[in-house]
Amino acid sequence: MRTVLIQTDTAVAADLKPGETATFGRGADDVPVDIVVADRAVSRLAGRIQAVEDYWLISNLSAERTYVVENPEGGGEFVKVPPLRMGMPVPFEFSRVILPAEHGTTGFLVFAPEHVYGTSAALPGTGATTRGVFPLDRTAKYFLILVALCEARLHDPSSTVVPTVPQLIERLAGHELTRSGVNFHIDYLAGTKLRVKRPDEGGKADWQRAALINLALRFDLVTDADLRLLP
């Protein structure tokens, strides 16, 4: 039987089988909850989680606050749970539920069962071969620069850091990179490999680097596993 585990800072708070639910919030003597989030800014009954098969649903019982569910293992992936949103599916195997708190944020972790994937099957057919997209060579120097660009966001999905060219050179010390060389690789990634587009309003000077980060993380072109390539 597949289960959904909910873990606080100290221990496993709930173990839900498909169809079972658990409530979360600050709680009170007359408002019992299954997962206690002890913060004065959290509602007594803040929300509810329901296990399904290999995913789970979250309901926001607050009429005022938006919650965030992020994927700590992804490249900045998160979903917002608006006030009074009921039964919202969460697609991540490993999630962090984040609630606004008196001093910043608070929350807990949710572990869903491992997702089921199909096998790739070659289908018979005629016509032109499907073209590949984003043809990246993971052994190339431009990919190393792309990983360094994405590093801060991979460590912290909420990060807005866009490394400058001097910062990239410093981070990749030992690879004999120059300012012109890094700019060449960034232009090559933006114009040839990932084909990012300049914002209609012109954008800031770092628009290329920011666009490369967003695209690479959105489509998992760079993941946590690639951080091992960095010094």
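Use the structure listed above.
Rules used in this analysis
- Residues numbered from 1 in each chain as written.
- Predicted model: local features only at pLDDT ≥ 70, side-chain atom pairs only at ≥ 80, totals over all residues.
- Heavy atoms only, no water.
- Helix = DSSP H or I, 4+ residues; strand = E, 2+ residues; numbered from the N terminus.
- Buried < 20%, exposed > 50% of the residue type's maximum accessible area, 1.4 Å probe, protein only.
- Contact = heavy atoms within 4.5 Å.
- Lys, Arg positive; Asp, Glu negative; His and termini not counted.
- Charge placed at Lys NZ, Arg CZ, Asp CG, Glu CD.
- Pairing = 2+ DSSP bridges.
- Axes fitted to C-alpha atoms, helices over the stretch in contact; angles between N-to-C directions.
- Core = buried A, V, L, I, M, F, W, Y, C linked by side-chain atoms within 4.5 Å.
- Salt bridge = Lys/Arg side-chain N within 4 Å of Asp/Glu carboxyl O.
- Parallel < 35°, antiparallel > 145°, perpendicular 65-115°, else oblique.
- Nonpolar A, V, L, I, M, F, W, Y, C, P; charged D, E, K, R; others polar.
- Phe/Tyr/Trp six-rings, centres within 6.5 Å; stacked < 30°, edge-to-face > 60°.
- Polar contact = N/O pair within 3.5 Å; in protein donor to acceptor, adjacent residues only side chain to side chain.

(A) Inspection of the overall build of the protein chain at higher detail. For the protein chain, the helix and strand inventory stands at 4 helices and 11 strands. By residue count, 42% of the 231 residues in the protein chain fall in the buried class. Taking the intrachain contacts of the protein chain between residues at least 6 apart in sequence as the baseline, contacts between residues at least 24 apart amount to 52%. Of the charged side chains in the protein chain, 24 are positive and 28 negative, and the gap between their average positions amounts to 7 Å.

(B) Inspection of the sheet that holds strand E11 (residues 104-111) at higher detail. Strand order across the open sheet formed by 6 strands is E2-E1-E11-E10-E7-E8, with antiparallel pairing between neighbours. Every other strand in the sheet has two partners, leaving strand E2 (12-16) and strand E8 (78-81) as the edge strands with one partner each. Averaged over all adjacent pairs, the angle separating strand axes in this sheet is 25°, with direction ignored. With 3 bridges joining them, strand E7 (residues 67-70) and strand E10 (residues 94-101) adopt antiparallel strand pairing. By the bridge assignment, Glu70 is partnered in E10 with Arg96.

(C) Quick peek at the nonpolar core. Leu146 and Leu212 are the most contacted members of the largest nonpolar core, which totals 33 residues. For this core, the secondary-structure elements that each account for two or more residues are helix H1 (141-155), helix H2 (165-171), helix H3 (179-193) and helix H4 (207-218). The greatest single-element share of this core, amounting to 10 residues, is contributed by H1. Once residues within four sequence positions are removed from consideration, Leu212 is found in contact with Leu146, Leu149, Ile186, Leu189, Ala190, Leu194 and Val196. In terms of nonpolar packing, the next biggest core, distinct from the first, is built from 25 residues, Val4, Leu16, Ala22 and Trp56 among them.

(D) Looking closely at the pattern of salt bridges. In the structure shown here, the tally under the stated rule is 3 salt bridges. A salt bridge links Glu70 to Arg96; the nearest nitrogen and oxygen atoms lie 2.4 Å apart. Linking Glu70 in strand E7 with Arg96 in strand E10, this pair joins segments that are 26 residues apart in sequence. Classification of Glu70 as buried rests on a relative accessible area of 11%. Taking relative accessible area as the criterion, Arg96 reaches 32% and is therefore assigned partly exposed.

(E) Seen up close, the packing of H1 against H4. Packing of H1 against H4 brings their axes to within 9 Å, and their N-to-C directions diverge by 70°. In terms of their interaxial angle, H1 and H4 are classed as roughly perpendicular. Here H1 contributes Leu146, Leu149, Cys150, Arg153 and Leu154 to the contact with H4, which in turn contributes Arg209, Leu212, Ile213, Asn214, Ala216 and Leu217. Looking at the contact of H1 with H4 residue by residue, the classes come out as 8 nonpolar, 1 polar and 2 charged.

(F) Local environment of the packing of aromatic side chains. Under the counting rule described, the total for this entry stands at 6 aromatic pairs. Taken together, a centroid distance of 6.1 Å and an interplanar angle of 55° make the contact between Phe24 and Tyr67 tilted. On the criterion of sequence distance, the pair formed by Phe24 in strand E3 (residues 21-25) and Tyr67 in strand E7 is long-range, its members being 43 residues apart. Looking at Phe24, the relative accessible area reads 0%, which means it is buried. Between Phe134 and Phe219, the ring centres sit 5.7 Å apart and the planes meet at 45°, which makes this aromatic pair tilted. Note that Phe134 is positioned in the loop between E11 and H1 and Phe219 in the segment after H4, a separation of 85 residues in sequence. Here the aromatic cluster, defined as three or more aromatic residues joined through ring pairs, consists of Phe24, Tyr67 and Phe108.

(G) Structural detail: the environment of Leu212. Within the secondary structure, Leu212 sits in helix H4. In the structure, Leu212 is positioned 84 residues away from Ala128 in sequence and 29 Å away in space, judged by C-alpha atoms.

(H) Layout of the side chain of Lys193. Relative to the helices and strands, Lys193 is located in helix H3. Among the polar contacts made by the side chain of Lys193, one reaches the main-chain carbonyl oxygen of Pro135 at a distance of 2.8 Å. Dropping the residues within four chain positions of it, Lys193 is found in contact with Phe134, Pro135, Leu136, Tyr142 and Tyr188.

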